[in-house]
Amino acid sequence: MLTVLRVHLPSDIPIVGCELTPYVLLRRPDKSVSTDDVNEFLPVDGHFLRYKWYRIQSDKKVAICSVHPSEQATLQCMGCVKAKIPVGKSYHCSSKCFSDAWQHHRVLHERAASAVNENGNEEEELFGRFNSTGSGGLAGSQSNSSLSNGTTTLYPAAVAQRNGGETWFEVGYAKTYTPTADDIGHVLKFECVVVDAETKLPAGHVNTLLTSRVIPAPSPTPRRLISVSGVDVTGHLDLDGRLSSSGTFTVLSYNILADAYASTELYSYCPSWALSWPYRRQNLLREIVGYRADIVCLQEVQSDHFEEFFAPELDKHGYQALFKRKTAEVFSGNGNTIDGCATFFRRDRFSHVKKYEVEFNKAAQSLIDALVPNAQRRSALNRLVKDNVALIVVLEAKFSNQGVDNPGKRQLVCVANTHVNIHQDLKDVKIWQVHTLLKGLEKIAASADIPMLVCGDFNSVPGSAPHALLALGKVDPMHPELAVDPLGILRPANKLLHQLPLVSAYSSFARIGAGLGFEQQKRRMDPNTNEPLFTNCTRDFIGTLDYIFYSADSLTVESLLELLDEDSLRKDTALPSPEWSSDHIALLAEFRCKPRTRRG
């Protein structure tokens, strides 16, 4: 007979919108131990498992702190109530909590006063990008009669028991359960029991567990697009919040932190529930969809997560997906956990023309065969082969700003998405990888009059040799990072150049004069390098590793997604955090194609 040996939940706190999957350990009739499910349609030895989920609802209403969602609230900001800010944002667990969060919290008041839309729908205007059901369905009441959780429709929720001021509602009948907004502040109860397939009666002990109180999915204050072209960006927004100007398009670049690398040892400061993949994937999806970018370049996307989650979920929002995984297992023998680069584009804005895949391992093999004597090739391969890749996609725009002078002229865009080697003691490898990518892009540029976008995590800070090569087109032969070159792959130094007119998109903040939001953004820029102060922020490192470069002869920057500062991340908080689910921050730029002139 089946026996349940153990039941527990991997995550300690249930989150709205994040599926709960209990771990159920079974002993089968043959004495083997398994975690495989045994359902009613495939019983084992005449028995199967039955599951139930309950919401334990107390007569006493519990409010949750908006800053520390695992804590109950003890005070409420009445300014939020008067400003008609969503009530959940008004609660705090202590006066110190409210005081510490004030600099961040007052932004809600300021935006509530200035961002009421024509219909008076403040909540949608302020928080719709991250909380709307269209961005993953994580907010709002879900107690309607068509709600289903698991395989059975909840129609209506049945009262299982009422005792001592508590009411138990049956809310789920499958092994998994996804908490809804109705569950916030309440404890959930999970039951698992072996059932006789014939009588449908329990044939063993009922195993139960109680969760902590359900908390809402924390969401950061939405980041604004700030115009750098002198045009008010808010004038471009249509009712969906999308940029509707026919000649512009937006590009997002974001290292989302693969689950394989998100260890509790490395990110011990992040609560375990906020570091869990079921939570992070929903938070990341909600953020990515909220930006409504026309082109999305993601790094550190695991193969299984691309196939099972990001590709199908973003398909629902109108995106076509392309993926290139790294060329070997990294930190894991499981091929599904190999990460790579994923590029998505809106089907209503672009069509796919061509894809190129850059495998730096193949380029390394060819280089070593040509340069390194046989006796030294193994050690050379160990240094140069690091599994990094780049995905290059040529797209054709379904919009045009060319006007009557060039009727019917195709507008192509080439987008490179890469993740460069991380090891800081292999600077020669970083430089070589970036140079290899740029020489490939030069060939594409030579074959077509086409704007270039180079996005990714380059694991190189501003001023480094890879950054100089990208931003300046060359590396100073006296650059200190060229001193370590044991394979001779960087010599002669004057070969480290390219002819692409690349410019860092975020350097536009430094080039623009005074204006709305510019002074604040300039304080978040490094005046020496004209790059953001950071795009990666952990307890051990804070600095800029991510960039969006563009060809300045064919594109202009119209607007940029505002940068974060330490106040935005809250005091003493590094990334990832409950609000931000990667150790990197997303970069987004809006571009306009320049009208092209005929070449003589």
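Residues numbered from 1 in each chain as written. Predicted model: local features only at pLDDT ≥ 70, side-chain atom pairs only at ≥ 80, totals over all residues. Heavy atoms only, no water.

Convention followed: UniProt positions are given in the numbering used here, feature names are shortened, and annotations may be inferred rather than shown by experiment.
In the nomenclature of an unreviewed UniProt entry, the chain corresponds to poly(A)-specific ribonuclease from the organism Heracleum sosnowskyi. Looking at the chain in UniProt, the text filed under Catalytic activity (unreviewed entry) is "Exonucleolytic cleavage of poly(A) to 5'-AMP." What UniProt records for the chain under Subunit (unreviewed entry) is the sentence "Component of the CCR4-NOT complex, at least composed of CRR4 and CAF1 proteins."

**Considerations on the overall build of the chain**
Test applied: Runs of E in the DSSP output that reach at least two residues are strands. Runs of H or I that reach at least four are helices, and both are numbered from the N terminus. We call two residues in contact whenever any of their non-hydrogen atoms come within 4.5 Å of each other.
In terms of regular secondary structure, the chain is built from 12 helices and 29 strands. A separation threshold of at least 6 residues defines the contact pool for the chain, and within that pool the share at least 24 residues apart is 73%.

**Considerations on the pattern of salt bridges**
Our working definition: What makes a salt bridge here is a side-chain nitrogen of Lys or Arg within 4 Å of a carboxyl oxygen of Asp or Glu, nothing more. Only protein chains enter the accessibility calculation, which uses a 1.4 Å probe; a residue is then buried when its area is under 20% of its type maximum, exposed when over 50%, and partly exposed in between.
Within this structure, the stated rule accounts for 21 salt bridges. Of the charged contacts in the structure, one is a salt bridge between Lys 316 and Glu 313, with a shortest N-O distance of 3.1 Å. Among the residues examined, Lys 316 registers a relative accessible area of 61% and is labelled exposed. A salt bridge links Glu 396 to Arg 410, with the shortest nitrogen-to-oxygen separation between them at 3.0 Å. With Glu 396 in strand E19 (residues 389-397) and Arg 410 in the loop between E19 and strand E20 (412-419), this residue pair connects regions lying 14 residues apart in the sequence. Taking relative accessible area as the criterion, Arg 410 reaches 45% and is therefore assigned partly exposed.

**Here's the deal with the sheet that holds strand E3 (residues 33-34)**
Selection criterion: Strand pairing is defined by DSSP finding a minimum of two bridges between the two strands.
Strand order in the open sheet formed by three strands is E1-E2-E3, with antiparallel pairing between adjacent strands. Every other strand in the sheet has two partners, leaving strand E1 (3-8) and E3 as the edge strands with one partner each. In terms of strand pairing, E1 meets strand E2 (residues 23-27) through five bridges, oriented antiparallel. Looking across to E2, one finds that Val 4 is bridged to Leu 26.

**A short note on the packing of aromatic side chains**
Two aromatic rings, taken as a pair, are described by how far apart their centres are and by the angle between their planes. Heads up, the rule is: Planes of paired rings set the category: under 30 degrees apart is stacked, over 60 is edge-to-face and the rest tilted, where pairs are Phe, Tyr or Trp rings (Trp by its six-membered ring) whose centres lie within 6.5 Å.
A full pass over the atoms with the stated rule returns 21 aromatic pairs. The interplanar angle of 85 degrees and the centroid separation of 5.6 Å between the aromatic rings of Phe 249 and Phe 350 together place this pair among those described as edge-to-face. Of this pair, Phe 249 sits in strand E14 (residues 248-255) while Phe 350 sits in strand E18 (residues 350-359), placing them 101 residues apart in sequence. The pair Phe 249 / Phe 350 is uniform in exposure class, with both members buried. A ring pair is formed by Trp 273 and Tyr 279, whose centres lie 5.3 Å apart and whose planes are at 75 degrees; its orientation type is edge-to-face.

**Quick notes on the environment of Ala 293**
One can find Ala 293 in the loop between helix H5 (277-291) and strand E15 (295-302). Separated by 296 residues in sequence, Ala 293 and Ala 589 place their C-alpha atoms 8.9 Å apart. In this view, Ala 293 contacts Thr 250, Leu 252, Tyr 319, Arg 346 and Leu 588; residues no more than four positions away in its chain are not counted.

**What about the nonpolar core?**
Going by this rule: Among buried residues, those of type Ala, Val, Leu, Ile, Met, Phe, Trp, Tyr and Cys that are joined through side-chain atoms within 4.5 Å constitute a nonpolar core.
Counting 67 residues, the largest nonpolar core has Phe 249 and Phe 591 as its most contacted members. With six residues, the single largest contributor to this core is H5. With residues near it in sequence (within four places) discarded, Phe 591 still touches Gly 247, Thr 248, Phe 249, Val 251, Leu 453, Ala 505, Ile 548, Tyr 550, Leu 555, Thr 556, Val 557 and Glu 558.

**Details of the sheet that holds E15**
Strands belonging to one sheet form pairs held by backbone hydrogen bonds; the direction of such a pair is parallel or antiparallel. Going by this rule: Simply put, an axis is a line fit to the C-alpha atoms, just over the touching stretch for a helix, and the angle between two N-to-C directions goes from 0 to 180 degrees.
Within the open sheet, the seven strands sit side by side as E13-E28-E29-E14-E15-E17-E16. Their pairing is mixed. Edge positions in the sheet fall to strand E13 (225-227) and strand E16 (319-325), since each has one partner strand and no second. Between one strand axis and the next, the sheet turns through 25 degrees on average, direction left out of account. When E13 meets strand E28 (residues 555-561), the two strands line up antiparallel, connected through three bridges. In the sheet register, Leu 225 faces E28, and the bridge partner there is Leu 561. Of the strands in this sheet, E14, E15, E28 and strand E29 (587-593) touch H5, which is tilted by about 160 degrees from E14. Helix-sheet contacts for helix H6 (residues 303-315) involve E15, E16 and strand E17 (339-346), and the interaxial angle to E16 is about 165 degrees.

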